Amino acid sequence: MTSPGRFRVTIVHPCVGRFRGMKGYMMSWQMEPLPAAVLAALLPADVERRFYDDRMEPIPFDEPTDLVLISVETYTAKRAYQIASEYRRRGVAVVMGGFHATLCADEVASHCESIVIGEAEGVLAELIDDHRHGRPQAVYRAKDRPRLPPTDPDRSIFRGKRYLPLRLIEFSRGCRFRCDFCAIQSYYSATHTHRSVARVVEEVRRTCTGRELVFFIDDNLTSSLDDAKELMRALIPLRIRWVSQSAINVAFDDEALELMRRSGCQGILIGLESLVPDSLREMNKGFNLMRGGPRAALANLRRHGLRVYGTFVFGYDSDTPDTFAAAVRFAREEGMFIAAFNHITPFPGTPLYERLRGEGRMLLDPWWLDDRYRYGMVPFQPARMTPEELQRACSRARREFYSWSSIARRSLHRVNYRDPGMWLNYWLINAMHHRDTEGRDGLPLGDEGWTGTLLESARAEHVTVSV
Ligand code: SF4
């Protein structure tokens, strides 16, 4: 229902899910939702905008609005459909975009009036205009990878909300590698684009006070090492402290590591994934074995004073019960700042999902909509253990890595204690993980206390969407 006055758009960031009557939310998940701020920045200037973060505030469904925008990820799909149903039964049109809308287009299309396939930059202005004038299309498809927007995210929508003290900045999107479990390579078709370095530097200058930690949220900051180096050179005079994510290849480029250190890099997330060579090859990540593999890579990162957030995944066919203990031992010996130990999750649209499906090994499909599924559950049949064994082994690995004795021992690695400020951060972040490690397992997807009915779009029967 469009009002005669200004067009009103409400952006909603859905939570993953919550238990009935749950108070509060996982602290470590409460980062600024940058995609919402990018959407807000793309809206025409005369549009009235509001933003609600479902993780930390109730959504006022009865507040008048003309259109709702929801960016959907696989983990938030069920909650997004609940939120969409609330608005739609009040006669408000809902638009969905994001990874899940592209990789699972038919499903998402049945829960909203319009979906955006691909990145929103190229289509949002047209979409708003169509909805405003009562001629919405069911599908808006980004034609090419856009040059990333010259507009900066509109962070004014975060005002009054208490996020973790991290300033999220985007330099690039996508990644040139093709790891089989990774939705990023599926979504971006293994391509990589970036914003202009001058634009990013200007945004950092304008929005950072120098006290907060900057998080470059790029999927793989160093997918193009030359572009990443250009950014780092430009960051040096700004004297910021930053963290980001990268593939392992950066660890063997001394020039890049030196630029990282000089530009204020405090630590980097590296997708180590596995110490089992056959598992790495199975996931199409054999490049992690390059030039001496993870031990050599981590030694080089430490030599340059860079802390590491190592991520591991388990459940490939070559993994055995011994694989978990070896990874935890390795992460502790290497003095990792923090680490993640998760089972592989078959996200729709990834080669992993298609393979497991083809082999008849999906136990819950689609797991993200199944009421039996809980956060941390294994929705497929592993080759050499039961799903429950895989789940328990991942939980045990996290508990061991974030036990107080492990936290204390890792804190004594020189790379973790050499800077007093970061040493304090080390304790705060590890304590947060110690607490959240137990808290998120078993979380339902969607709001368990929601009593409405999911509205399926009548048009879905007639609209076939393929990516
Ligand atoms: S290197 Fe990282 S971002 Fe790139 S495809 Fe592999 S897992 Fe995805």
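For the structure itself, look to the data block above.
We now turn to the structure provided with this report. (Residues numbered from 1 in each chain as written. Predicted model: local features only at pLDDT ≥ 70, side-chain atom pairs only at ≥ 80, totals over all residues. Heavy atoms only, no water.)

Looking at the ligand, the residues that line it are Cys 175, Phe 177, Cys 179, Phe 181, Cys 182, Gln 185, Asp 219 and Lys 285. Taken together, the residues that form the shell around the ligand break down as 5 nonpolar, 1 polar and 2 charged. (Near = heavy atom within 4 Å. Nonpolar A, V, L, I, M, F, W, Y, C, P; charged D, E, K, R; others polar.)

Along the chain, Phe 99 turns up in helix α3 (residues 99-103). Each residue touching Phe 99, except ones within four places of it in the same chain, is listed here: Val 72, Ala 183, Ile 184, Tyr 187 and Tyr 188. (Helix = DSSP H or I, 4+ residues; strand = E, 2+ residues; numbered from the N terminus. Contact = heavy atoms within 4.5 Å.)

Now for the packing of helix α12 (residues 322-333) against helix α14 (residues 387-401). Helix packing for two helices is described by the angle between their axes and how far apart those axes are. Running from amino to carboxyl end, α12 crosses α14 at an angle of 20 degrees, the nearest separation of the two axes being 10 Å. Judged by the angle between their axes, α12 and α14 are roughly parallel. Note that α12 runs across α14; the crossing there is right-handed. Only Leu 390, Ala 393, Cys 394, Ala 397, Glu 400 and Phe 401 of α14 make contact with α12, whose side of the interface consists of Phe 324, Val 328, Ala 331 and Arg 332. (Axes fitted to C-alpha atoms, helices over the stretch in contact; angles between N-to-C directions. Parallel < 35°, antiparallel > 145°, perpendicular 65-115°, else oblique. Left-handed = near helix turned anticlockwise from the far one by under 90°.)

What follows deals with empty space enclosed by the protein. The tally for this structure, following the rule as stated, stands at 4 cavities of 30 Å³ or more. If you add up the space inside the second largest cavity, you get close to 50 Å³. Lining the second largest cavity, in full, are Leu 298, Arg 302, Leu 306, Arg 307, Val 308, Glu 334, Gly 335, Met 336, Phe 337, Val 415 and Asn 416. Mapped onto the lining of the second largest cavity, the elements with two or more residues apiece are α11 (293-303), β14 (307-314) and α16 (414-417). (1 Å grid on protein atoms, 1.4 Å probe; cavity = no way out; pocket = protein on both sides within 12 Å on 5 of 7 lines; lining within 4 Å. Points joined across faces, edges and corners; volume = space filled by probe spheres on them.)

Spatial ordering of the open sheet is given by β3-β1-β4-β5-β6-β7, a layout of 6 strands whose pairing is parallel. The open sheet has two edge strands, β3 (48-53) and β7 (139-141), and neither has a second partner. On average, each strand axis in the sheet is tilted by 20 degrees relative to the strand beside it, whichever way the strands run. Sheet strands touched by helix α2 (residues 77-88): β1 (8-13), β4 (67-71) and β5 (93-97). Its angle to β5, the strand with the most contacts, is close to 160 degrees. (Pairing = 2+ DSSP bridges.)

Summed over all chains, the structure comprises 24 aromatic pairs. Plain terms: the ring middles of Tyr 353 and Trp 368 are 6.0 Å apart, the flat faces sit at 55 degrees to each other, and that makes the pair tilted. Here the residue Tyr 353 occupies a position in helix α13 (residues 351-358), and Trp 368 occupies one in the loop between α13 and α14, the gap between them amounting to 15 residues. The buried category is assigned to Tyr 353, whose relative accessible area is 5%. For Trp 368, a relative accessible area of 2% translates into the label buried. (Phe/Tyr/Trp six-rings, centres within 6.5 Å; stacked < 30°, edge-to-face > 60°. Buried < 20%, exposed > 50% of the residue type's maximum accessible area, 1.4 Å probe, protein only.)

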